[in-house]
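Take a look at the letters that make up each chain.
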Amino acid sequence: MEGTKLLIIIPTYNEAENIGLLIESLFKLTLPPEIDLNILIIDDSSPDGTGDLAKSLVPSYPGKLQVEIRPGKQGGASAFLRGFSRGLEEGYDLFLAMDADFSHNPVYIPRMLEEIKTHDLVIGSRNVKGGSIENRSFLRDLITKAAALYCRICLGCPLRDFTAGFNLYRKVIFQAIKPESIICRAYSFQIEIKYKVFCQGFRIKEIPIMFPDRLRGVSKMSRKFLFDALFDVWKIKKMKSRDTPLDQFIMFAITGGLGTISNLVLFFFFADLLAISANPVSIGCFLIAGTQNYILNHRWSFRQLTGGEKPSVKKWLLFLAAATGGLSINLIILNSMLHFFDLPYKFIAQAVGILAGMLINYSLAKYMVFRKKKTLSPH
Ligand code: GDD
Ligand code: MN
């Protein structure tokens, strides 16, 4: 990285006790020689005079410290976005977003700069091994971890700290994801950016940080924002029409349920009403229901794997073979459980058999029948 222009963006609102110390410790960091460090403070006319205080420091760091004062309180997320847009216009290569209150310790910056050489986004994460939240109660810690898990499952995205505010971005990210297109605020803002970055296939790295609660000043984030974020996750998920493994599994299970209903209705018609012998009818029902499942899975459950492709005979046969495989597993489990265990009810063995058969079917469908052809990723 020859002459890498780094912009550290710090939003402030009533951080007079912190800002001077933070600016000083950032400029004192020992960084690789190619890094050209610049700081941009975005203050929303803090009543405690943070903006003026920051401005008074500008002459001490000629050309390296910029202070932008906005007329009224617009929120930290909006301040970060302003910083990203401005940084893009001014030709910066790297953007580091951090808070002013020392919850984001500058000592992690060299490590983040090291990791950005091979990644597009480096997150200072509290939830990876080695990371932590200091001086917080067990309960608050648990809530944070549960919220992270919730995001992971809903979004089907393997990150651990979605709401982290200590992030180093390469310029490419904001060229691909325009800052103006980020609509969420507060905690949800952090989730939205990370999810979009993930969906675009960028390389993300989470490095562990210790996150202490602020010592000076007061937090501007209310508990309400955290609650909002739980709902916003669904809004964020919809912004990118991307089905998660859980979504696919639910659609696959519904498809299977509908197939079972068709199977039973047909069976009743031919075997009971028309009195045709049960075995051939059962096989016929299996083929018809299997075909229905194939089409529904192709068009619906795995639509993002099959894309605009038409259903094919080859895949249909493969799907039926997979279904037969699932059925065999079901039968094997049913029989061995009945043989080896003394069960109060036989249907318990059938239930376990169905579950195992379904998991096998799902995996075969996903990784064999509807497997996506490799496409080129951005890297
Ligand atoms: N310009 C501006 N305008 N800055 C603001 C505003 C505002 O309206 N509100 C807050 N800030 C600044 C604060 O001065 C601080 O530097 C930073 O934004 C974070 O604000 P805090 O009040 O310290 O937020 P927090 O500690 O509750 O939340 C932080 O951690 C969360 C994860 O626990 C933030 O980094 C969140 O983004 C993060 O999700
Ligand atoms: Mn804070």
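Note that this is a predicted model, so its numbers are computed, not measured.

Definitions and cut-offs
Residues numbered from 1 in each chain as written. Chains lettered and ligands numbered in written order. Predicted model: local features only at pLDDT ≥ 70, side-chain atom pairs only at ≥ 80, totals over all residues. Heavy atoms only, no water. Core = buried A, V, L, I, M, F, W, Y, C linked by side-chain atoms within 4.5 Å. Buried < 20%, exposed > 50% of the residue type's maximum accessible area, 1.4 Å probe, protein only. Contact = heavy atoms within 4.5 Å. Phe/Tyr/Trp six-rings, centres within 6.5 Å; stacked < 30°, edge-to-face > 60°. Helix = DSSP H or I, 4+ residues; strand = E, 2+ residues; numbered from the N terminus. Near = heavy atom within 4 Å. Polar contact = N/O pair within 3.5 Å; in protein donor to acceptor, adjacent residues only side chain to side chain. Areas by Shrake-Rupley, 256 points an atom, 1.4 Å probe, with all protein chains shown as cover. 1 Å grid on protein atoms, 1.4 Å probe; cavity = no way out; pocket = protein on both sides within 12 Å on 5 of 7 lines; lining within 4 Å. Sits in = over half its atoms within 2 Å of the grid points. Points joined across faces, edges and corners; volume = space filled by probe spheres on them. Nonpolar A, V, L, I, M, F, W, Y, C, P; charged D, E, K, R; others polar. Pairing = 2+ DSSP bridges. Axes fitted to C-alpha atoms, helices over the stretch in contact; angles between N-to-C directions. Left-handed = near helix turned anticlockwise from the far one by under 90°. Salt bridge = Lys/Arg side-chain N within 4 Å of Asp/Glu carboxyl O.

### Remarks on the nonpolar core
Counting residues in each nonpolar core, the largest one holds 36 residues, and the members touching the most others are Phe84, Leu155, Tyr169, Ile173, Phe189 and Ile191. With residues near it in sequence (within four places) discarded, Tyr169 still touches Phe84, Asp93, Leu94, Phe95, Ala97, Ile116, Asp120, Leu121, Phe174, Gln190 and Ile193. Among the nonpolar cores identified, the runner-up in size contains 32 residues, and Ile10, Ile39, Ala54 and Leu168 belong to it.

### Considering the packing of aromatic side chains
Scanning the model with the defined rule gives 19 aromatic pairs in all. Here Phe80 and Phe189 contribute two aromatic rings whose centre-to-centre distance is 6.2 Å and whose plane-to-plane angle is 0°, an arrangement assigned as stacked. You can see Phe80 sitting in helix α3 (residues 76-89) and its partner Phe189 sitting in helix α7 (residues 186-199), a full 109 residues away along the chain. For the pair formed by Phe80 and Phe189, the shared burial category is buried. Relative to Phe347, the ring of Tyr345 has its centre 6.0 Å away and its plane inclined at 45°; by these criteria the two rings are tilted.

### Observations regarding the site of ligand 1
Every one of the 25 residues lining ligand 1 counts as a neighbour, but Glu15, Asp99, Arg126, Thr163 and Lys220 are closest to it. Within the backbone of Pro11, one N or O atom sits 2.8 Å away from an oxygen atom of ligand 1. In this structure, Ile42 approaches ligand 1 through a main-chain N or O atom, which is 3.0 Å from a nitrogen atom. Within the complex, the protein chains bury 92% of what would otherwise be the 740 Å² of accessible surface of ligand 1. Its atoms largely coinciding with the cavity grid, ligand 1 occupies the largest pocket. Listing elements by their share of the shell around ligand 1, those giving two or more residues are β1 (4-12), α3 and α7.

### Digging into the layout of surface pockets
The space that makes up the largest pocket amounts to roughly 1200 Å³. Contributing to the lining of the largest pocket are 50 residues, with Asp99, Tyr187, Ser219, Lys220 and Met221 lying nearest its centre. Of all elements in the fold, only β1, α3, α5 (138-155), α7 and α8 (223-239) reach the threshold of two or more residues within the lining of the largest pocket. A per-element tally of the lining of the largest pocket places α5 first, with six residues. Grouping the amino acids of the lining of the largest pocket by side-chain chemistry returns 23 nonpolar, twelve polar and 15 charged. In this structure, the second largest pocket is lined by 32 residues; those nearest its centre are Thr260, Asn263, Phe286, Leu327 and Asn330.

### Focus on the environment of Ser45
Its place among the elements puts Ser45 in the loop between β2 (35-43) and α2 (50-57). With near-sequence residues (within four places) excluded, Ser45 lies in contact with Ile69, Arg70, Pro71 and Gly72. A polar side-chain atom of Ser45 sits 2.6 Å from the main-chain carbonyl oxygen of Arg70. A polar atom in the side chain of Ser45 sits 3.3 Å from the backbone oxygen of Pro71.

### Quick look at the pairing of strand β7 (residues 167-170)
The sheet contact formed by strand β4 (residues 94-97) and β7 spans four bridges and is antiparallel. Looking at the pairing, Leu96 lines up with Leu168 of β7. In this structure, strand β5 (residues 121-125) lies alongside β7, joined through three bridges in antiparallel fashion. Counterpart to Leu121 in the pairing with β7 is Tyr169.

### Digging into the sheet that holds β7
To summarise the sheet geometry, strands pair through backbone hydrogen bonds and adopt either a parallel or an antiparallel arrangement. The strand order β3-β2-β1-β4-β7-β5-β8 describes an open sheet built from seven strands, whose pairing is mixed. Unpaired on one side and paired on the other, β3 (65-69) and β8 (204-208) mark the two borders of the sheet. Neighbour-to-neighbour, the strand axes of this sheet turn through a mean angle of 20°, independent of strand direction.

### Some points on the packing of helix α10 (residues 278-301) against helix α12 (residues 313-340)
Their axes nearest at 10 Å, the elements α10 and α12 cross at an angle of 120°. α10 and α12 meet at a crossing whose hand is right-handed. Packed against α10, whose contacting residues are Phe286, Leu287, Gly290, Thr291, Asn293, Tyr294 and Asn297, the element α12 presents Lys315, Trp316, Phe319, Leu320, Ala323, Thr324 and Leu327 at the interface. Partitioned by chemical class, the residues of the contact of α10 with α12 number eight nonpolar, five polar and one charged.

### A word on the pattern of salt bridges
A complete count under the given rule lists 23 salt bridges for this structure. For Arg214, the salt bridge identified is with Asp101, shortest N-O distance 3.3 Å. In this pair, Arg214 is assigned in the loop between β9 (210-211) and α8 and Asp101 in the loop between β4 and α4 (109-115), connecting sequence segments 113 residues apart. Look at the salt bridges and you will find they share partners, linking Glu15, Asp101, Arg214 and Lys220 into a network.

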